[in-house]
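# Examining the three-dimensional arrangement
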Amino acid sequence: MRYLIISDIHANLEALDAVLAAASGYDHTLVLGDFVGYGADPNAVIDRVLAIPSATFIRGNHDKVGAGLEDTDGFNYLARHAISWTAHELTQEHRTWLAELAQGPMIVDPMVEICHGAPFDEDVYIFDDLDAMRALRASERPLCLFGHTHVPAAFIFDSQLRTVDALRGARVDISVNDQARYLVNCGAVGQPRDGDPRAAFGILDTETRSLALMRVEYDVAAAQAKIIAAGLPDVLAQRLAVGR
Ligand code: ZN
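Thresholds, definitions, all that
Residues numbered from 1 in each chain as written. Predicted model: local features only at pLDDT ≥ 70, side-chain atom pairs only at ≥ 80, totals over all residues. Heavy atoms only, no water. Helix = DSSP H or I, 4+ residues; strand = E, 2+ residues; numbered from the N terminus. Rg over C-alpha atoms; globule rule 2.2 N^0.38 Å. Buried < 20%, exposed > 50% of the residue type's maximum accessible area, 1.4 Å probe, protein only. Contact = heavy atoms within 4.5 Å. Areas by Shrake-Rupley, 256 points an atom, 1.4 Å probe, with all protein chains shown as cover. Core = buried A, V, L, I, M, F, W, Y, C linked by side-chain atoms within 4.5 Å. Donors = N, O, S within 2.8 Å, 3.2 Å for Na, K, Ca; no water. Tetrahedral: all angles 85-135°; square planar, octahedral: opposite > 155°, others 65-115°. Axes fitted to C-alpha atoms, helices over the stretch in contact; angles between N-to-C directions. Left-handed = near helix turned anticlockwise from the far one by under 90°. Pairing = 2+ DSSP bridges.

### Concerning the overall build of the chain
The helix and strand tally for the chain stands at 8 helices and 12 strands. Relative to the compact-globule value of 18 Å for 244 residues, the chain shows a C-alpha radius of gyration of 17 Å, a close match. Overall size of the chain, expressed as C-alpha extent along the three principal axes, is 50 × 35 × 35 Å. Evaluated residue by residue, the chain yields a buried proportion of 56% over its 244 residues. Within the chain, contacts between residues at least 6 apart in sequence are counted, and of these 74% link residues at least 24 apart. For the chain, the exposed surface amounts to about 10,000 Å²; the carbon and sulfur share of it is 49%.

### Brief notes about the nonpolar core
One recurring pattern in soluble globular proteins is that nonpolar side chains are buried together. Counting 46 residues, the largest nonpolar core has Ile 6, Ile 9, Phe 35, Leu 98 and Phe 201 as its most contacted members. Leaving out residues up to four positions away in the same chain, Phe 201 has contacts with Leu 4, Ile 5, Ile 6, Val 19, Ala 22, Ala 23, Cys 186, Ala 212, Leu 213, Met 214 and Val 216. Counting residues in hydrophobic clusters, the runner-up holds 23 residues, among them Ile 5, Val 172, Ala 180 and Cys 186.

### Quick word on the coordination of the zinc ion
Only Asp 8 (OD), His 10 (NE2), Asp 34 (OD) and His 150 (NE2) from the protein reach the zinc ion as donors, at distances of 2.1 to 2.2 Å. Geometry at the zinc ion is irregular, judged from its 4 donor atoms and the angles of 86 to 178° they form at the metal. In primary sequence terms, the donor set of the zinc ion follows D-x1-H-x23-D-x115-H.

### Focus on the packing of helix H2 (residues 42–50) against helix H5 (residues 92–99)
Where H2 contacts H5, the axes come no closer than 10 Å and their chain directions differ by 65°. Both H2 and H5 take part in a crossing whose hand is left-handed. Listed contacts from H5 to Asn 43, Ile 46, Asp 47, Val 49 and Leu 50 of H2 are His 94, Trp 97 and Leu 98.

### So, the sheet that holds strand E1 (residues 2–6)
Judged by pairing direction, the sheet is mixed, and its 6 strands sit side by side in the order E3-E2-E1-E11-E12-E9 without closing on themselves. In the strand order of this sheet, the two ends are held by strand E3 (55–57) and strand E9 (171–175), each with one partner. Along the sheet, successive strands turn relative to each other by an average axial angle of 20°, direction set aside. Looking at chain direction, E1 and strand E2 (residues 28–31) are connected through 4 bridges and run parallel. The residue of E2 that forms the bridge with Ile 5 is Leu 30. Relative to the sheet, helix H1 (residues 13–22) contacts E1, strand E11 (199–205) and strand E12 (210–216), its axis offset from that of E11 by approximately 30°.

### Examining the sheet that holds strand E5 (residues 112–114)
Strands sit in the order E4-E5-E6-E10-E7-E8 across an open sheet of 6 strands; the sheet is mixed. Either end of the sheet is taken by a strand with one partner, and the two such strands are strand E4 (106–107) and strand E8 (161–163).

### Here's the deal with the pairing of strand E10 (residues 181–185)
With respect to burial, E10 is a largely interior element, 4 of its 5 residues being buried. Both strand E6 (residues 143–146) and E10 contribute to a ladder of 4 bridges, which runs parallel. Pairing of Phe 146 across the sheet is with Asn 185, part of E10.

### Some points on the pairing of strand E7 (residues 153–157)
The buried count for E7 comes to 4 of 5 residues, which makes it a mostly enclosed element. The pairing of E7 with E10 spans 5 bridges and is antiparallel. In the strand pairing of E10, Phe 155 is matched with Leu 183. As paired elements, E7 and E8 share 3 bridges and run antiparallel to each other. Its bridge partner lying in E8, Ile 156 is registered against Arg 162.

Okay, here's the thing in structure tokens:
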């Protein structure tokens, strides 16, 4: 099975379309949440993912708030402003779809499980080794894929915890050894925060046990213009150009 792995689209239609155009040869798509929030195309993004022929979806924190399942208490000013705008823009049909999204973690197959934040809590950010160890202990499959931080990361536990450095460049290949456990973030489609503005995604082949972390350029200017035109905070447009 070959999976396309995408997360944190954040209503960025230009970035999503670039990823869908660049990715090829996959059988099934895994979307790890945060379909909406920050960007200017929440409805169009949901329509686009619903058109993916074979896909599994879990929710993110912005999806919960956008759908009205949670309030904005945990959000900073920018996120709060954007999700209030989003909630107002969403069609009733899309709001219902977001509200009914499955909660992670979700086991996908004998090798893979997915979550938005962490396998022990969908809203927790995995940044450091302590978070990673806790997540690896909680995960029920050798490869746990996560999102939420918008930063590509790969933790490997065999006899000890290691991180894969230099997750930069247009493509980084990780081979998934069957003696170890893996915790991997393939990065964000719609709002990367690792200093690389290109949209991020992953391709996993479970037969060859190879995972490729990929980047693709997209029309940042078009996404920025829509954010400005929508009256969303300028900084949400500016950050897309620098990947922060
Ligand atoms: Zn996010």
